[in-house]
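Spelled out, the chains give:
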Amino acid sequence: MFAYLAFQGTSMATPHVSGLAALLISQGVTKPAAVEAALKRFATDRGAEGRDDDYGYGLIDARATLRGLGILR
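Computed from a predicted structure; not experimentally measured. (Residues numbered from 1 in each chain as written. Predicted model: local features only at pLDDT ≥ 70, side-chain atom pairs only at ≥ 80, totals over all residues. Heavy atoms only, no water.)

1. Some details on the overall build of the protein chain
Stage number 1. Across its full length, the protein chain holds three helices and zero strands.
Stage number 2. Principal-axis analysis of the C-alpha atoms gives the protein chain an extent of 40 × 35 × 25 Å.
Stage number 3. Counting all 73 residues of the protein chain, 18% fall into the buried class.
Stage number 4. Considering only intrachain contacts with a sequence separation of at least 6, the fraction spanning at least 24 residues in the protein chain is 34%.
Stage number 5. As presented, the protein chain carries roughly 5,800 Å² of accessible surface, and 56% of it is formed by carbon and sulfur atoms.
Stage number 6. Of the side-chain charges in the protein chain, 8 are positive and 7 negative, and the distance between the mean point of each set is 14 Å. (Helix = DSSP H or I, 4+ residues; strand = E, 2+ residues; numbered from the N terminus. Buried < 20%, exposed > 50% of the residue type's maximum accessible area, 1.4 Å probe, protein only. Contact = heavy atoms within 4.5 Å. Areas by Shrake-Rupley, 256 points an atom, 1.4 Å probe, with all protein chains shown as cover. Lys, Arg positive; Asp, Glu negative; His and termini not counted. Charge placed at Lys NZ, Arg CZ, Asp CG, Glu CD.)

2. Quick word on the pattern of salt bridges
Stage number 1. Considering all chains together, one arrives at two salt bridges under this definition.
Stage number 2. The shortest N-O distance in the salt bridge between Glu36 and Lys40 comes to 2.7 Å. Within this pair, Glu36 and its partner Lys40 are both found in helix H2 (residues 32–41), separated by four residues, close to a single helical turn.
Stage number 3. Taking relative accessible area as the criterion, Glu36 reaches 41% and is therefore assigned partly exposed.
Stage number 4. Between Asp53 and Arg51 there is a salt bridge, with the nearest N and O atoms lying 3.3 Å from each other.
Stage number 5. Classification of Asp53 by relative accessible area gives exposed; the value is 74%. (Salt bridge = Lys/Arg side-chain N within 4 Å of Asp/Glu carboxyl O.)

3. Remarks on the environment of Tyr55
Stage number 1. With respect to the helices and strands, Tyr55 occurs in the loop between H2 and helix H3 (62–68).
Stage number 2. On the accessibility criterion, Tyr55 (48% relative accessible area) is partly exposed.
Stage number 3. For the pair Tyr55 and Ala21, spaced 34 residues apart in sequence, the C-alpha to C-alpha distance is 19 Å.
Stage number 4. Tyr55 has contacts with Arg46 and Gly47, leaving out every residue within four places of it along the chain.

Keep in mind these values describe shape, not function.
The structure is reproduced here in structure tokens:
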């Protein structure tokens, strides 16, 4: 039996953030601080404006991040 279940939290976010970080590294963004800055800069803000305790910096957006850095056209 298969089921679609929605999960949330760091256990679910970690693989997505790690995957985007690996993609950035593979495209030449190799400094950890640069990867972190890109993830934060191009995240879709959720909740209160800016970083907050409920949503952090928001929802990562791989396409916006790659486009914003000029990697994806």
